[in-house]
Amino acid sequence: LEEKKWQQVLDIAQKGLDYDANEITFYYLKSIAYLQKDQFNEVIKTIQTGMKHLPKEANSNLVSDLYAILGDCLQKQHRIKESFEAYDSCLKWNANNIECLNNYAYFLSESGKNLDRAAQMSQQTIQAEPNNTTYLDTYAWILFRQKKFAEAREWANKIQAPDFRFDKTVLMASLNLEEGKWRQ
């Protein structure tokens, strides 16, 4: 049933694009439908095509979201440099795209590059949503990657969601291990 609904969204979006290839909303709908179907190549192709048809007065939030989705899909394909370029484009259209800031910060930390920038972006997400466990987790992880173990522990302790996808004990065990090495 779910598959059928997303196929309907694809069909409607394609009809819209056949009518007006410059309407960015149809590219957005089409990319979301492909994303739900885990068809990442199609998501990437759809968004890249849509960016070639941007009107001068494009909705900046919508364009930003499309670039964020593009960055996430490129990450899934391990196309790191391209994904960072997509995230940068996203933030040019909307510097406060919180989901992009979080994902970009996390992936920067995973790459071990620009950890200070990653921390700054992550702090911005926490300022916007101070109780978001995903954002707290990302910031604690970045601090861990920066070898700021005491701060990482402090932020990890703020994660108070029993159903959170992240097992806090993993980070805490890693912190204990690293702090032991660090203090020697």
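Above this text is the structure in question.
Residues numbered from 1 in each chain as written. Predicted model: local features only at pLDDT ≥ 70, side-chain atom pairs only at ≥ 80, totals over all residues. Heavy atoms only, no water.

Asks: Could you clarify how one ought to interpret helix 5 (residues 80-93) in this entry?
Replies: The periodicity of an α-helix, 3.6 residues per turn, causes residues three or four places apart in sequence to face the same way. The end-to-end C-alpha distance of helix 5 is 20 Å, a good match for the 20 Å that 14 residues give at a rise of 1.5 Å each. Within helix 5, burial applies to Ser83, Phe84, Ala86, Tyr87, Ser89, Cys90 and Leu91. Lining the buried residues of helix 5 we find helix 4 (60-76), helix 6 (98-111) and helix 7 (115-128). (Helix = DSSP H or I, 4+ residues; strand = E, 2+ residues; numbered from the N terminus. Expected span 1.5 Å × (residues − 1). Buried < 20%, exposed > 50% of the residue type's maximum accessible area, 1.4 Å probe, protein only. Contact = heavy atoms within 4.5 Å.)

Asks: Before we go on, may I ask you to explain the side chain of Ser122 in this structure?
Replies: Following the sequence through the fold, Ser122 ends up in helix 7. We classify Ser122 as buried; its relative accessible area is 0%. In contact with Ser122, other than residues within four places in its own chain, are Ala105, Tyr135, Thr138, Tyr139 and Ile142.

Asks: Just to check I follow, could you spell out helix 1 (residues 2-19) for this structure?
Replies: With 18 residues, helix 1 should reach 26 Å at 1.5 Å per residue; the first-to-last C-alpha distance of 26 Å fits that figure. What helix 1 keeps buried is the set Trp6, Leu10, Ala13, Gly16 and Leu17. Seen from one end, helix 1 has its buried residues packed into an arc of 125°, which puts them on one side. Across from the buried face of helix 1, at angles greater than 90 degrees, the exposed residues are Lys4, Ile12, Lys15, Asp18 and Tyr19. Check the buried side of helix 1 and you find it contacts helix 2 (24-36). (Arc of directions from axis to C-beta.)

Without other data, these values stay purely geometric and don't point to any function.
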